[in-house]
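Spelled out, the chains give:
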Amino acid sequence: MQLIDVSDYAVRSAVIMMRRKDTPLKFMLFPMIHVASPAFYAQVKDRLAECDLIVLEGITGKSWRASMLLLAYRFAPLRRSNGLVEQTAANVLPPGVPVLSPDVSAVEAMDELRKLPRWLYWSLLFWAPVMGLVFALRGPRVFLDPDLTVEDLPSTARAEMLADNDLERALLDRRDGQLLTALARIHTERWQEPITVAVVYGAGHMPAVVHGLLDAYGYRPRDGEWFTVYVPDP
């Protein structure tokens, strides 16, 4: 199942509803791209207004090293002509819907990255802002890369290699674990309630969410629709 689709002309995100038989609780998954068109975030915000609880990605606290990594996102929309903006709470969250953020702190996130080989760790800190500047100069077309496709299960040997490496595990595993613990608690406490819980996390986290909800509790993808993340100018 595709979560992020990359074609020659657009990038799309699959918003997926997960349900299970005989219980009214539903989980709606929003695979996010953290730099996108304003229209994408507006569409997400409108749909989130229909939900009863939002489980939101968001590393807390401060760390200069974590801030260096985030420059990749913050530099990318600097050129207004690109038509891109950074994801923020203001452009995604609707008023009045409760928000839960089970994410790690900045210090915890960097602790995971420090387990990487030193050369990889420092290369990551150096190249993140550089790549942000490249994104800003090249614009949305830099994202039209088939390697940026996200699926719940890798469909090629290359996709499997890209999804299973030390860097991906350092970036995702601990955070995925905390997210799945929060979703398990919501299921345990509220499975009898007719509510929709939105999971608003980066697309890289969504394979773990899909399989975690399916394997542990029997929630299956039932409905979905495509939201366009961006369409580059010709």
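Residues numbered from 1 in each chain as written. Predicted model: local features only at pLDDT ≥ 70, side-chain atom pairs only at ≥ 80, totals over all residues. Heavy atoms only, no water.

### Some thoughts on the pattern of salt bridges
Okay, so step 1: Enumeration according to the criterion identifies 11 salt bridges in this entry.
Okay, so step 2: The partner of Asp111 in a salt bridge is Arg114, with the nearest N and O atoms 2.9 Å apart.
Okay, so step 3: With a relative accessible area of 33%, Asp111 lands in the partly exposed category.
Okay, so step 4: With a relative accessible area of 42%, Arg114 lands in the partly exposed category.
Okay, so step 5: Through salt bridges with shared partners, a single network forms among Glu108, Glu112, Lys115 and Arg174. (Salt bridge = Lys/Arg side-chain N within 4 Å of Asp/Glu carboxyl O. Buried < 20%, exposed > 50% of the residue type's maximum accessible area, 1.4 Å probe, protein only.)

### Considerations on unusual backbone geometry
Okay, so step 1: The phi torsion at Asp22 lies on the positive side, around 70°, for a residue other than glycine.
Okay, so step 2: Looking at Asp22, the relative accessible area reads 79%, which means it is exposed.

### A look at helix H2 (residues 64–75)
Okay, so step 1: Taking 1.5 Å per residue, 12 residues should reach 16 Å; H2 reaches 16 Å between its end C-alpha atoms and fits that length.
Okay, so step 2: Check the buried side of H2 and you find it contacts helix H4 (106–113) and helix H5 (118–138). (Helix = DSSP H or I, 4+ residues; strand = E, 2+ residues; numbered from the N terminus. Expected span 1.5 Å × (residues − 1). Contact = heavy atoms within 4.5 Å.)

### Quick word on the packing of H2 against H4
Packed helices, taken two at a time, are described by the angle their axes make and the gap between the axes.
Okay, so step 1: For the pair H2 and H4, interaxial distance at closest approach is 9 Å and the crossing angle is 80°. Accordingly, the angle class assigned to the pair H2 and H4 is roughly perpendicular. From H2, Arg65, Ala66 and Leu69 reach across to H4, where they touch Ala106, Met110 and Leu113.
Okay, so step 2: Across the contact of H2 with H4, the residue classes tally to five nonpolar, no polar and one charged. (Axes fitted to C-alpha atoms, helices over the stretch in contact; angles between N-to-C directions. Parallel < 35°, antiparallel > 145°, perpendicular 65-115°, else oblique. Nonpolar A, V, L, I, M, F, W, Y, C, P; charged D, E, K, R; others polar.)

### Section: the packing of aromatic side chains
Aromatic ring pairs are described here by two measures, namely the spacing of the ring centres and the angle between the planes.
Okay, so step 1: Summed over all chains, the structure comprises three aromatic pairs.
Okay, so step 2: Centroid distance Phe27 to Tyr219: 5.0 Å. Interplanar angle 85°. Geometry classified as edge-to-face. Of the two residues, Phe27 is situated in strand E3 (residues 26–32) and Tyr219 in the loop between helix H8 (206–217) and strand E10 (220–230); the sequence distance between them amounts to 192 residues. Accessibility assignment for this pair places Phe27 and Tyr219 in one class, buried.
Okay, so step 3: Here the aromatic rings of Tyr121 and Trp122 are separated by 5.1 Å at their centres, their planes lie at 75°, and the arrangement is edge-to-face.
Okay, so step 4: By relative accessible area, which is 38% here, Trp122 ends up partly exposed. (Phe/Tyr/Trp six-rings, centres within 6.5 Å; stacked < 30°, edge-to-face > 60°.)

### Overview of the pairing of strand E2 (residues 11–19)
Okay, so step 1: Counting buried positions along E2 yields seven of nine residues, so the element is predominantly enclosed.
Okay, so step 2: Where strand E1 (residues 2–6) lies against E2, three bridges are found, and the strand directions are antiparallel. In the strand pairing of E2, Ile4 is matched with Ser13.
Okay, so step 3: Where E1 hands over to E2, the hairpin turn is made up of four residues, counted between the paired strands.
Okay, so step 4: With nine bridges connecting them, E2 and E10 associate as antiparallel partners. Residue pairing across strands places Val11 opposite Tyr230, the latter belonging to E10.
Okay, so step 5: Connecting E2 to the next strand, E3, in antiparallel fashion are six residues, including Asp22 with a positive phi near 70°. (Pairing = 2+ DSSP bridges.)

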